[in-house]
Amino acid sequence: RQSALRDVLTRLSNLKTAAAGLRDPTIWSDTQTVESSDPARLTATRTAGAAAGAYDLTITQLARAHQVTQGGTLTQAAADDVLHVAVGSGSAVDVTVTAGDTLETIAGKLSSTTDIPVYASVVNGKLVLTGKTTGAASTIAVTSDGSLAADLAFAESLTAQDAQFTVNGVAKTSSSNS
């Protein structure tokens, strides 16, 4: 009889220990994880409410910004002018150029203009404009009040494109890589 009571006491003690363990909040913590088979090309972040499961994501093309490069031989502005730079359906940003401004000066004026939608630089003696936003609809348009835009003769050096990918076999596109 004592042996049977000790056995019951041992079982109750084990039950009490197990019940106390259930009070530990780490047992009930979220254990979902997110992984990428190629983290150099795709990173993923789990957000609250993500459903458990696996997703097959295949990226066939990354989104890219539009880029135009000066095609003419202009090294400095011949006359005072105003460049109007727009990307996609956004409104144009005006940049005043003074006669004698070099390509470096023009690039500096473009880069320092508030809300300009492009990055400007001089590469191999040519003015290069690269859009700050990616996607096929984000093409660069440059016009001017005088002849400066025509003298610069911008030509496309990188085509703007959307990202193309599939999620669980369903084709998708995005103007962004995020």
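In what follows, the accompanying structure is described. (Residues numbered from 1 in each chain as written. Predicted model: local features only at pLDDT ≥ 70, side-chain atom pairs only at ≥ 80, totals over all residues. Heavy atoms only, no water.)

Take the overall build of the protein chain next. On a plain count of helices and strands, the protein chain comes out with 3 helices and 10 strands. Sequence-ordered secondary structure for the protein chain, helices as α and strands as β, is α-β-β-β-β-α-β-β-β-α-β-β-β. Since a compact globule built from 178 residues should have a radius of gyration of about 16 Å, the 31 Å found for the protein chain marks it as more spread out than a globular shape. If you line up the protein chain on its principal axes, its C-alpha atoms span 110 × 35 × 30 Å. The proportion of buried residues among the 178 residues of the protein chain is 24%. Within the protein chain, contacts between residues separated by at least 24 positions form 59% of all contacts whose residues are at least 6 apart in sequence. (Helix = DSSP H or I, 4+ residues; strand = E, 2+ residues; numbered from the N terminus. Rg over C-alpha atoms; globule rule 2.2 N^0.38 Å. Buried < 20%, exposed > 50% of the residue type's maximum accessible area, 1.4 Å probe, protein only. Contact = heavy atoms within 4.5 Å.)

What follows deals with the nonpolar core. Counting residues in hydrophobic clusters, the biggest one holds 22 residues, and the most contacted among them are Leu110, Leu127 and Leu129. For this core, the secondary structure elements donating two or more residues are strand S3 (81–87), strand S4 (93–97), helix H2 (103–112), strand S5 (118–123), strand S6 (126–134) and helix H3 (148–152). Looking at this core element by element, the count peaks at 4 residues for H2. Other than its neighbours up to four places away in sequence, leucine 127 contacts Val68, Thr69, Gln70, Leu103, Ile106, Ala107, Leu110, Ser121, Val122, Leu152 and Phe154. (Core = buried A, V, L, I, M, F, W, Y, C linked by side-chain atoms within 4.5 Å.)

With that settled, consider the packing of aromatic side chains. The way to describe two aromatic rings as a pair is by their centre distance and the angle between their planes. For the coordinates displayed, the defined rule picks out 0 aromatic pairs. When the ring centre of tyrosine 119 is taken as reference, the NZ or CZ atom of lysine 132 above it lies at 5.2 Å. (Phe/Tyr/Trp six-rings, centres within 6.5 Å; stacked < 30°, edge-to-face > 60°. Lys NZ or Arg CZ within 6 Å of the ring centre and 35° of its normal.)

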